[in-house]
Amino acid sequence: MDKFDSMMAKLDQEVPQVIQRKLSHVIVVDESFEVFSRIWVMAEIAKAQELELNQVAMLFPPPERLNVTSAHDPQKKRRSQVPAKAALEVARVRETLDIRNCKASRQEDVDAILASIPDVEAFNERLKEVLFNEQSGLLETWSAERCAGFFDVIDPLKDLVAVEQLTAPQVIMLGQESTGKSTLLERLTGLPIFPRNADLCTRALIKVRLRRGETRKLKLLVQDMQSQEDEPSAFGEELELKDLGNAVMKEMTRQVRLEALRSESPAQSEKFYAQHVREDPLEPSDGLCTKKLLVVELISPKAPNLDVVDCPGLVAAAALGRPENVAASTAQLVRSYAKKHRHSALFVVAVKASEQPNNSLAMRLVQEVGLERCALGVLTMTDILTGDLTDGTTRLHSTFLKHHGPRLLQLLKASNDQGGGVHLSLGYTLTALHDVCEDRGWLSLSRVDAMAQWEQRYFLQLAKQWAAANGDELDPNFLLERCSCNSLWRHIKDAVDQFVRENWLVNTMSKVRQEEQEIRRQELALGLPRALAPAHLAELRRQGDLLPGTLRSVVETEEMGRLRSESDSSSSRQIQDLFGQHMAKCLRDLLQKAWAAGGVFGEVAGELEKRLMSCLPEELPLRCPSFKSGFTGKTDAFNLPMHLEACMAKVEQQMLDAAARVKEHLKEQLQKVLKEDATPQRLGRLTRAAERVQHALWSNERHEPPEDFLPGLRELLAPLLTSARVARGERGFAVKLDREQVTQRCSLHFHRFLDEVLGELPVRALQMALPEDCWVEDCSEERMLLLGRLLKLRLVQARLTESFGEEASLRESEAPEPSASAAPAASAAAVPKSPATAATVASASVEGLRRTPEQVKAEVETWKGYLHERADEYFDSPEELEGVLTELAEKTDAGSDFLKGDADVIWRGERNEENVEAMLHIRRLHRATTSSPGGATSTASYVNRLLAALFADDQAFAELSRLPRAEPLRMRCGKQLCVNINHISLP
């Protein structure tokens, strides 16, 4: 086989299944673009497109890079600058590209490839589409009009979001009605899904979920806003692009009507709602959908991992025919969603260019919620102020040049507040949304492309005319940098870049490390050393061997090293030695307990003596036989040895029964001890070995009474039986037995068996050898899943390190630096000094382990010395307060202290619905009264607020009390799951 496109297909089939990562295709382009004249390169490009690989074109030698000169952004990544002549080479390749003109080192390769192409013209057209398509072409992004490498920060993460369920960055669009918000979103996403006119205005949150995937898929889902669970749309889950807009509109109509129907007719069945929901088009009188959001999921090999959310347009006043509360309900929906995601999203705020931003309802909401630091303003419909500058005749009029123009420039430059602007950290951009087909309610992709081309021409004319009118005061390049949707994408990319580095990266690494720590704890709880099945060991080693060399050194840590060492026989020998020692110890402990006063041996021996006394007669009657039925011959009535043998048989049976009871007791107790094993080794997990060892112990003849056990018993009892006194009676003879002596000698013989035979069990457990296949734990599959997950988490960290370098290696406790536009650093809540010397607690040697009960108790006693006197006012009894302190100790790591130092103290307990705030339920007991039966209630509280109430001094507490009580306190470290009281920000 050849080593080019066929090998690509082979690798794409096998490698991603192992490394959980889709392959990429890198095309290295020389300065003269000669690579596109090589026929094998063309075949590879076509094959990669067929396999839907992520394709990237790179210049070599690499172009010049910008040096970091910005003092306010020292961590900003350097960006590649594509030479201007590249655009000329792109144009040349576009005109001359033909597979028939391509070359190879061997002419037979050219002939073979051309012979394998059924339609050369169609192949050429497909190649041009791959290279020069305006939206996704590999070389189109190198033109002067486009930004190279959109989302270069999050694109390398690829499948982390989809596979590892990490939170994707999110862009949320806000705006007042009729500001061009939905049209702008369609320009940005390229998807015809957003309603645009008054009748089809957005009545629900619509999320476009962009995800990387192996194949292109388009899905429509409905998400419950409370549970965050997705469900298929009633109009089809997987859709074609041409059907998407209509399906979104129908689903939005259905959800609006369902919510209204549930409100009008509560407590009905789902079948009732499905039968009675109206499906006719939305009307102005219809309300909003506030409990569900629509999700359009686009999975593509070229999609960035990003969520784009369209919020319903804010309403200034209720129009005729619309619900009276439409303005308030819309504002409440958008406000609650913005608050929920204000620390994990970027906000794009649409405002008409003809209006001052400080008059916009959207900007007022931004100020109300405090989104200025993470918001980007978009001034839409600039062409309304200027007219269509692309028609060749329209010129900028004096009103724009004197009034609107200077105001817009002030906003773009963020120079002062005279433009009626609201200061946004990410600034403003201009867009022009000329609608070429206003009569249609939904956009089409071809129309989006037409709008994009028109916008580019419009802003070129605007920059040219505006610069000519202002002379040297206006730099046209600055204007073009802040204009058009392409420019908006660049600014969104830069904002996402900053957000990913300063927020997403820290939070994601923290989440990954927390999960890794939890998996380590779970895996260690299964017991060590590992006793994985050989197939599991081989699979984990294979996954490690197939990792890229750059990642293997990061991923292959102690765990993988141990897995490799455990693949040889030394591991099973180590496990066998540990198991034998543990089994011997368990048997010694059981035997010691059994021999102790009141132990099972004494109990069984006592029961044996009672049974012997009851089964042995005081005398053996040897009477004359009766011949009422006639003489039958020999009767053995006077056969003393035979009668003595019958007594001996009864004695022997009682002895064997007693030995069996001891055996069963030891077996049951040994199984119980192994099952309840609490040692770090957890050797009870080796059930196969345990069964074989016990089988070998109990099935061996040595556990039974020894071979001379019964003969020895006979020898011991023979003198007593043969010396029994015989007396003559009227009807025969009677042999008097000494039952007490017989019983005592049997008991002595039984104790000898317990000592000599069972006492050897611990030694036998140590010396026993079992086959290699016995040393496999019963939790091998569970451990395999945990170690596989651990390997993936290590791979996540390796990819983050690969993508971000040293930034991803920062310690989890290091908080990101505040931006220049952020508020001044807040001081921490002060904690009063302890009035007395408090008890100290020994820190755990391993970070992240839970405190032992003794450590919890000691830590609670320590914290009691720091409590403010107001703490007694919050609780009805000391027991309630101690219960809260106990939970605080149990839900934070050993070795951490939320009252001391500046290190992060991560909360391991309950969280709120969004999983971002530390929560604690306070349980209060109420006494019964004449009017109330009493009982217990539980109240949810934010942990940082609770700590402030219990420990903060009067001044800090007074300042914190001015903040809204229904919201958590802000942590200056940026981590809301941190409960270090020294990190609480004061207003």
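Going by an unreviewed UniProt entry, the protein carries the name Dynamin GTPase domain-containing protein and comes from Durusdinium trenchii.

J.: Before we go on, may I ask you to explain the overall build of the protein in this structure?
T.: A count of helical and extended segments in the protein gives 32 helices and 16 strands. At a minimum sequence separation of 6, the contacts of the protein that also span at least 24 residues come to 76%.

J.: Looking at this structure, I do not really get the sheet that holds strand 11 (residues 428–430). What am I missing?
T.: Taken in spatial order, the 9 strands of this open sheet run 6-5-7-4-8-3-9-10-11, and their pairing is mixed. Looking at which strands have only one partner, the edges of the open sheet turn out to be strand 6 (230–232) and strand 11. Each strand axis lies, on average, 25° off the axis of its neighbour in the sheet, ignoring direction. Bridge count for strand 4 (residues 205–212) against strand 7 (residues 292–300) is 8 bridges, and the pairing is parallel. Note on strand 7: the bridge partner recorded for Ile 206 is Leu 294.

J.: What should I look at first to understand the UniProt feature "coiled-coil region" (unreviewed entry) in the protein in this one?
T.: Taken from the UniProt record, the annotation "coiled-coil region" (unreviewed entry) applies to residues 648–676. Between the C-alpha atoms that bound residues 648–676 the distance is 42 Å, and the span itself is 97% helix and 0% strand.

J.: Help me out: how do you make sense of the packing of helix 10 (residues 326–340) against helix 11 (residues 361–369) in this one?
T.: The description of two packed helices rests on the angle between their axes and on the distance between the axes. Where helix 10 meets helix 11, the axes come as close as 11 Å, and the angle between the chain directions of the two elements is 45°. Judged by the inter-axis angle, helix 10 sits oblique to helix 11. Handedness of the helix 10/helix 11 crossing: right-handed. Across from Ala 331, Val 334, Arg 335, Ala 338 and Lys 339 in helix 10, the residues of helix 11 making contact are Leu 365, Glu 368 and Val 369. Grouping the amino acids of the contact of helix 10 with helix 11 by side-chain chemistry returns 5 nonpolar, no polar and 3 charged.

J.: Would you mind going over the environment of Cys 774 with me for this structure?
T.: Here Cys 774 shows up in the loop between helix 26 (761–767) and helix 27 (780–804). Remark: the alpha-carbon pair of Cys 774 and Arg 692, spanning 82 residues in sequence, is separated by 7.6 Å. Dropping the residues within four chain positions of it, Cys 774 is found in contact with Arg 688, Ala 689 and Arg 692.

J.: How do you make sense of the nonpolar core when you look at a structure like this?
T.: Note on soluble globular proteins: their nonpolar side chains tend to be buried together. Ranked by size, the top nonpolar core spans 112 residues in total, and within it Leu 174, Phe 347, Leu 462, Trp 466, Leu 479 and Ile 492 carry the most contacts. Per-element tally for this core: the top contributor is helix 16 (residues 484–525), with 13 residues. Here Phe 347 is in contact with Ile 172, Leu 174, Ala 338, His 341, Arg 342, Leu 371, Cys 374, Ala 375 and Leu 376, once residues within four sequence places are set aside. Counting residues in hydrophobic clusters, the runner-up holds 58 residues, among them Ala 531, Ile 575, Leu 720 and Met 768.

J.: Honestly, the pattern of salt bridges in this entry has me stumped. Any pointers?
T.: Proximity of charged atoms lets side chains of opposite charge pair with each other. Under the counting rule described, the total for this entry stands at 37 salt bridges. Salt-bridge contacts for Arg 278 lead to Glu 283; the nearest nitrogen and oxygen are separated by 3.8 Å. A relative accessible area of 40% places Arg 278 in the partly exposed class.

J.: What should I look at first to understand the state of the cysteines in this one?
T.: Working definition: the covalent bond between the sulfur atoms of two cysteines is a disulfide. Per the counting criterion, the structure on display carries 0 disulfides. Free of any disulfide, Cys 746 has its nearest neighbouring cysteine sulfur in Cys 615, separated by 8.6 Å.

J.: Which parts of the structure should I look at to understand the confidence of the model for the protein?
T.: Parts of the prediction with low pLDDT should not have their coordinates interpreted in detail. Averaged over all residues, the pLDDT of the protein equals 75, while 76% of them reach at least 70. Counted against residues more than four places away or in other chains, residues 63–85, with its pLDDT under 50, gives 29 contacts.

J.: Just checking my understanding: could you explain the environment of Asn 358 for this structure?
T.: Tracing the chain through its elements places Asn 358 in the loop between strand 9 (346–352) and helix 11. According to the relative accessible area criterion, Asn 358 is partly exposed, its value standing at 32%. For the pair Asn 358 and Val 422, spaced 64 residues apart in the sequence, the C-alpha separation amounts to 5.9 Å. Apart from residues no more than four positions distant in its own chain, Asn 358 is found in contact with Arg 364, Gly 420 and Val 422.

J.: Could you clarify how one ought to interpret the environment of Gln 367 in this entry?
T.: Within the secondary structure layout, Gln 367 lies in helix 11. The spacing of Gln 367 and Val 422 is 55 residues in sequence and 8.2 Å in space, taken between C-alpha atoms. With sequence-adjacent residues up to four places away left out, Gln 367 is seen in contact with Glu 372 and Val 422.

J.: What exactly am I supposed to notice about the pairing of strand 13 (residues 725–728) here?
T.: Along any regular strand the residues' side chains alternate between the sheet's two faces. Where strand 13 meets strand 14 (residues 732–736), 4 bridges bridge the pair, whose relative direction is antiparallel. By the bridge assignment for strand 14, Ala 727 is matched with Ala 734. In this antiparallel pair of consecutive strands, strand 13 and strand 14, the connection spans 3 residues.

J.: Would you mind going over the sheet that holds strand 12 (residues 619–623) with me for this structure?
T.: Strand-to-strand pairing in sheets goes through backbone hydrogen bonds, with the strands running parallel or antiparallel. As summarised here, the arrangement of the 3 strands in space is 12-14-13, forming an open sheet in which the pairing is antiparallel. A strand with exactly one partner marks an edge of an open sheet, and here the two such strands are strand 12 and strand 13. Each adjacent strand pair in this sheet contributes to an overall mean axis angle of 20°, direction not counted.

J.: Teacher, can you tell me more about unusual backbone geometry here?
T.: For Ser 178, which is not a glycine, the phi torsion comes out positive at approximately 60°. Tracing the chain through its elements places Ser 178 in the loop between strand 3 (170–175) and helix 7 (181–189). Its relative accessible area of 60% is what places Ser 178 among the exposed residues. In this structure, Ala 267 takes a positive phi of about 60° despite not being glycine. Residue position: Ala 267 is located in the loop between helix 8 (241–264) and helix 9 (270–276).

J.: In this structure, what is going on with the side chain of Gln 576? I would like to understand it.
T.: Here Gln 576 lies in helix 20 (residues 569–595). Polar side-chain contacts of Gln 576 include one of 3.1 Å to the backbone oxygen of Met 768. Other than its neighbours up to four places away in sequence, Gln 576 contacts Met 768, Ala 769, Leu 770 and Trp 775.

Conventions used here
Residues numbered from 1 in each chain as written. Predicted model: local features only at pLDDT ≥ 70, side-chain atom pairs only at ≥ 80, totals over all residues. Heavy atoms only, no water. Helix = DSSP H or I, 4+ residues; strand = E, 2+ residues; numbered from the N terminus. Contact = heavy atoms within 4.5 Å. Pairing = 2+ DSSP bridges. Axes fitted to C-alpha atoms, helices over the stretch in contact; angles between N-to-C directions. UniProt positions renumbered as here; feature names shortened; annotations may be inferred. Parallel < 35°, antiparallel > 145°, perpendicular 65-115°, else oblique. Left-handed = near helix turned anticlockwise from the far one by under 90°. Nonpolar A, V, L, I, M, F, W, Y, C, P; charged D, E, K, R; others polar. Core = buried A, V, L, I, M, F, W, Y, C linked by side-chain atoms within 4.5 Å. Buried < 20%, exposed > 50% of the residue type's maximum accessible area, 1.4 Å probe, protein only. Salt bridge = Lys/Arg side-chain N within 4 Å of Asp/Glu carboxyl O. Disulfide = S-S within 2.5 Å. pLDDT = per-residue confidence, 0-100. Polar contact = N/O pair within 3.5 Å; in protein donor to acceptor, adjacent residues only side chain to side chain.

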